[in-house]
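Single-letter residue listing:
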Amino acid sequence: MTRKAPAEDPGDARLRVSPPKDYAAGIPAVTSSLRHAGTQMGPRRGLLTLLRVNQKDGFDCPGCAWPEPEHRHRAEFCENGAKAVAEEATLRRVTPEFFAEHGLEELAGRSDYWLGQQGRLTHPMYRPAGSDHYRPISWEDAFAVVARELAALDHPDQAAFYTSGRASNEAAFVYQLFARLLGTNNLPDCSNMCHESSGSALVETIGIGKGSVTLEDLHEADLILVVGQNPGTNHPRMLSALERAKRRGARVIAVNPLPEAGLLRFKNPQRPSGIVGGGTQLADLFLQIRLGGDQALFQAFNRLLLEAEDEAPGTVLDTSFIAAHTHGFEACAEHVRKTSWEDVLEATGLSRDEITGAFSEILAAEKTVVCWAMGLTQHRHSVPTIREVVNFLLMRGNIGRPGAGLCPVRGHSNVQGDRTMGIHEKPSEAFLDALGTEFGFAPPRHHGHDVVETIRAMRDGRVKVFVGLGGNLVAAAPDTEVTEQALRRCRLTVQISTKLNRSHAVTGEQALILPCLGRTEADLRPSGPQVVTVEDSMGMVHLSRGRLAPASDHLRSEVAIICGMARAVFSDRNPQMPWEAFEADYDRVRERIARVIPGFEEFNDRVRRPGGFALPHPPRDERRFTTATGRANFTVNPLEFPRVPDGRLLLQTVRSHDQYNTTIYGLDDRYRGIHQGRRVLFVHREDLAARGLADGDLVDIVGEYEDGVERRAPGFRAVAFSTPRGCCAAYFPETNVLVPLDSTATISNTPTSKSVVVRLEPAAGV
Ligand SMILES: Nc1nc2c(c(=O)[nH]1)N[C@H]1C(S)=C(S)[C@@H](COP(=O)(O)OP(=O)(O)OC[C@H]3O[C@@H](n4cnc5c(=O)[nH]c(N)nc54)[C@H](O)[C@@H]3O)O[C@H]1N2
Ligand SMILES: Nc1nc2c(c(=O)[nH]1)N[C@H]1C(S)=C(S)[C@@H](COP(=O)(O)OP(=O)(O)OC[C@H]3O[C@@H](n4cnc5c(=O)[nH]c(N)nc54)[C@H](O)[C@@H]3O)O[C@H]1N2
Ligand SMILES: [Mo]
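Criteria and cut-off values
Residues numbered from 1 in each chain as written. Chains lettered and ligands numbered in written order. Predicted model: local features only at pLDDT ≥ 70, side-chain atom pairs only at ≥ 80, totals over all residues. Heavy atoms only, no water. Buried < 20%, exposed > 50% of the residue type's maximum accessible area, 1.4 Å probe, protein only. Helix = DSSP H or I, 4+ residues; strand = E, 2+ residues; numbered from the N terminus. Pairing = 2+ DSSP bridges. Phe/Tyr/Trp six-rings, centres within 6.5 Å; stacked < 30°, edge-to-face > 60°. Salt bridge = Lys/Arg side-chain N within 4 Å of Asp/Glu carboxyl O. Near = heavy atom within 4 Å. Polar contact = N/O pair within 3.5 Å; in protein donor to acceptor, adjacent residues only side chain to side chain. Areas by Shrake-Rupley, 256 points an atom, 1.4 Å probe, with all protein chains shown as cover. Nonpolar A, V, L, I, M, F, W, Y, C, P; charged D, E, K, R; others polar.

For strand β9 (residues 251–255), the tally of buried residues reaches 4 of 5 residues, placing the bulk of the element in the interior. With 5 bridges connecting them, strand β8 (residues 223–227) and β9 associate as parallel partners. Bridging across to β9, L223 finds its partner in R251. Where β9 meets strand β12 (residues 285–287), 3 bridges bridge the pair, whose relative direction is parallel. Among the inter-strand pairings, I253 is bridged to a residue of β12, identified as L285.

Shown next, in the form of structure tokens:
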């Protein structure tokens, strides 16, 4: 399976490579924000919009899930938040005339960048079976198409309802209610490809699948480990928190195969010294680890902790915490003591000195936080890796006290809230009980499909209707060719979206585009302006209120669209369901959420207080662990790490500085020194030399997997880069063709986007 570069890509002919940066933010970030805002929104609208981001009376930044500080700057956004806003508030439009001009086949050949640059969707559009073009359709007719195709299914499990993490709490709640009333738990979401491994590991070990720290904890920590995360690009506001902790004397250790700019040095554009000065050095230590070596690293740390305790009993481990609040310490300790240094050094690629050097920082710290993102979650052994991080923190009682804890840094701005609202293919019994009682129905109890299972089911003809509440499954999911075929086999695909993307071009037999309001836009209903709510990465729930005039008069809110579908589908079946009331006033939705989901009592009142409110987190708040044992669980995790056959490399697929997942803002990756191109492969110079290749050569990346299928991504420029031997990196979505659908993490079933075995071949025809 080969996936060529889209025809109109500049062929990356203009691609230019310069030395990577060792600092993030500063003046280039400020000018880049304003440039993006100006081109997409016009200068005045651009500036006014940016000043509303993350303000108490403004909208929640659609960029990432990093929380807002108590005392906000007048400009509480970052370069990449500004790009996310500009992308949504753009003045460009995708109209019915656009679809008359561009057929599906043509659109499917375009790059993700080109598709995104066309602008905001303005009208509901329908692609009838057999047609190469979408044509306009009225909202009521569109809902009737959905109702007709759902009614034609033999079983509700032949439909799947995908969610991307930008959907508001209100939209997510109504959406899952709709799916469950229909009779299915097929609620795959972007989380399945993202932090599912964190959720799986944390529910089992601490009883709740969310991080245990607040922003204040981060500010107060003595030591912060930033593992498998590139905050300079993906969570720029996190750098301010790290900087603040550092000013208090905290130490920071970065664990990453790549020397990411933001981890090394940071110039805070919100402080004068950050604009003119040399910036703050953030990471005190940088462990340049091999891909997938983190479980070994934490096991080594845990072994060293036990040995240090042996040497000075009563000074290293928090034995009273272990005795009072945990389970399984002895078994874990026995296992960890046997960790072999030989394995650790092989898995991590680090020297023993580097590891013991880091360990002295660990030993010196009273309060430790571990932050992580996709570098830990997208491997085959991600769940055991994160469990080992939990062991590490439990040993010294670093969970449930100030300045310490677990910090999985979420991606999409409301991905955590969507889960809280019940977007989950494996809902808990307690949630289903409460939902059924509140709405007087019997929710389906059997588990539904996650993302990978949904794609398989579509491929095999078992799912025939696919609905996407935001997102871009075609481009975000692994094994692009398989995913495309899977969607093409559907009877109907429906996308509720703000902007044009590949999932509108690669569709089922029939397809609908239902264009919705974005976060930045005013949502005016007859009962008054509506607000929505979101939950950030640290469990704070707050309001988001858009103010801009909608991109088109024909847009509807996500809540209104879902309620519209529901009215059409259930008109005779559940006449008592209050879809009209939900749609007219979202307070009515919040009242129901308050009755179904613990922690949302008096939701409407509390969320209107300045700053919103914090959801309960038993381990953080009271060291209470609602696990199977009633305690925090230590675990035994036999050591795993990727073993790569001779002559092969391990590829990780990452984000550039100019993209938001499948939305490509531009063709630069400034911090890594890449300009005007995306088809690049970062490789160690000696790995290139060992293959008779050199920096600048054009190569095909060829995937190797046990199914024997050849997956090829042709025509990538090799860039000699600082990365451990044997490891390389390239951008997704271009390299998703290489990630096998069946290569997933154990337990969480997350695609292994950070460990793909590949070989390099000189590009064909060169
Ligand atoms: N501007 C912008 N912001 C975003 C996004 C975006 O696309 N653009 N996406 C949002 C979303 S949905 C998410 S989930 C987050 C993603 O945020 P990140 O997880 O920071 O995103 P990635 O680009 O996948 O980067 C993974 C990082 O982990 C490192 N890494 C890879 N494998 C390993 C490993 O085995 N061990 C260790 N220690 N490190 C490893 C990589 O070198 C890289 O630095 O960002 C969110 N914020
Ligand atoms: N190889 C590889 N693949 C990956 C990853 C990786 O690291 N490597 N990362 C994975 C991760 S962490 C994630 S989270 C997924 C992301 O997967 P998705 O969430 O499915 O993808 P996005 O690119 O974030 O979705 C962008 C689209 O969402 C729509 N949109 C934007 N804002 C709104 C809104 O307010 N409402 C609605 N209804 N629609 C909106 C727009 O039409 C836009 O085109 O990708 C995953 N895929
Ligand atoms: Mo994500």
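Don't stop here, the text continues.
Further remarks concern the packing of aromatic side chains. The geometry of an aromatic ring pair comes down to the distance between the two centres and the angle between the two planes. Using the criterion set out here, one finds 21 aromatic pairs in the structure. Both rings, one in F161 and one in Y175, keep their centres 5.9 Å apart while their planes meet at 85 degrees; by these two values the pair is edge-to-face. Of the two residues, F161 is situated in strand β7 (residues 159–163) and Y175 in helix α8 (residues 169–182); the sequence distance between them amounts to 14 residues. This pair shows no difference in class: F161 is buried, exactly as Y175 is. Considering the side-chain rings of W579 and F582, the 6.2 Å spacing of their centres and the 85 degrees angle between planes classify their relative orientation as edge-to-face. Here W579 pairs with F582, and both are found in helix α29 (residues 579–584), just 3 residues apart, close to one helical turn. Judged by its relative accessible area of 3%, W579 is buried.

A few words on the pattern of salt bridges. If you walk through the whole model with that rule in mind, you get 56 salt bridges. Of the charged contacts in the structure, one is a salt bridge between E704 and R648, with a shortest N-O distance of 2.8 Å. With E704 in the loop between β30 (698–703) and β31 (711–720) and R648 in the loop between β24 (632–633) and β25 (649–654), the pair connects residues that are 56 residues apart, well separated along the chain. Using a relative accessible area of 24% as the deciding quantity, one classes E704 as partly exposed. In this structure R648 comes out as partly exposed when scored by relative accessible area, which is 29%. Between E734 and R678 there is a salt bridge, and its shortest N-O distance comes to 2.6 Å. Taken together, the residues span a long stretch of sequence, with E734 in the loop between β32 (727–731) and β33 (756–762) and R678 in the loop between β28 (674–675) and β29 (680–683) at a distance of 56 residues. Look at R678 and you get buried, because its relative accessible area is 4%. One network of salt bridges, in which partners are shared, links R648, D700, E704, E710, R712, R759 and E761.

Here we come to the site of ligand 2. Near ligand 2 there are 30 residues, and of these Y162, S164, E558, T662 and N736 occur at the shortest range. In the model, an oxygen atom of ligand 2 is placed 2.8 Å from a nitrogen or oxygen of the K499 main chain. Separating a nitrogen atom of ligand 2 from a side-chain N or O atom of N736 is a distance of 2.5 Å. Burial of ligand 2 by the protein amounts to 96% of the accessible area it has alone, namely 920 Å².

On to the site of ligand 1. Close to ligand 1 lie 32 residues, the nearest being N256, E260, G292, D294 and N661. Between ligand 1 and the protein, one listed contact pairs an oxygen atom with a backbone N or O atom of G292 at 2.7 Å. At a separation of 3.3 Å, an oxygen atom of ligand 1 approaches a polar backbone atom of G375. Coverage of ligand 1 by the protein amounts to 99% of the 920 Å² it exposes when considered alone. Broken down by secondary-structure element, the contributors of at least two residues to the shell around ligand 1 are α11 (231–234), α20 (374–377), β25 and β26 (659–660). Of the residues belonging to the shell around ligand 1, the class tally is 12 nonpolar, 16 polar and 4 charged.

The next thing to look at is unusual backbone geometry. A cis amide bond links F732 with the next residue in sequence, P733, at an omega value of 5 degrees. With respect to the secondary-structure elements, P733 resides in the loop between β32 and β33. Located in the positive-phi region is D479, a residue other than glycine, with phi close to 50 degrees. Mapping D479 onto the fold places it in the loop between α25 (473–476) and α26 (480–488).

That is the geometry; function is a separate question.
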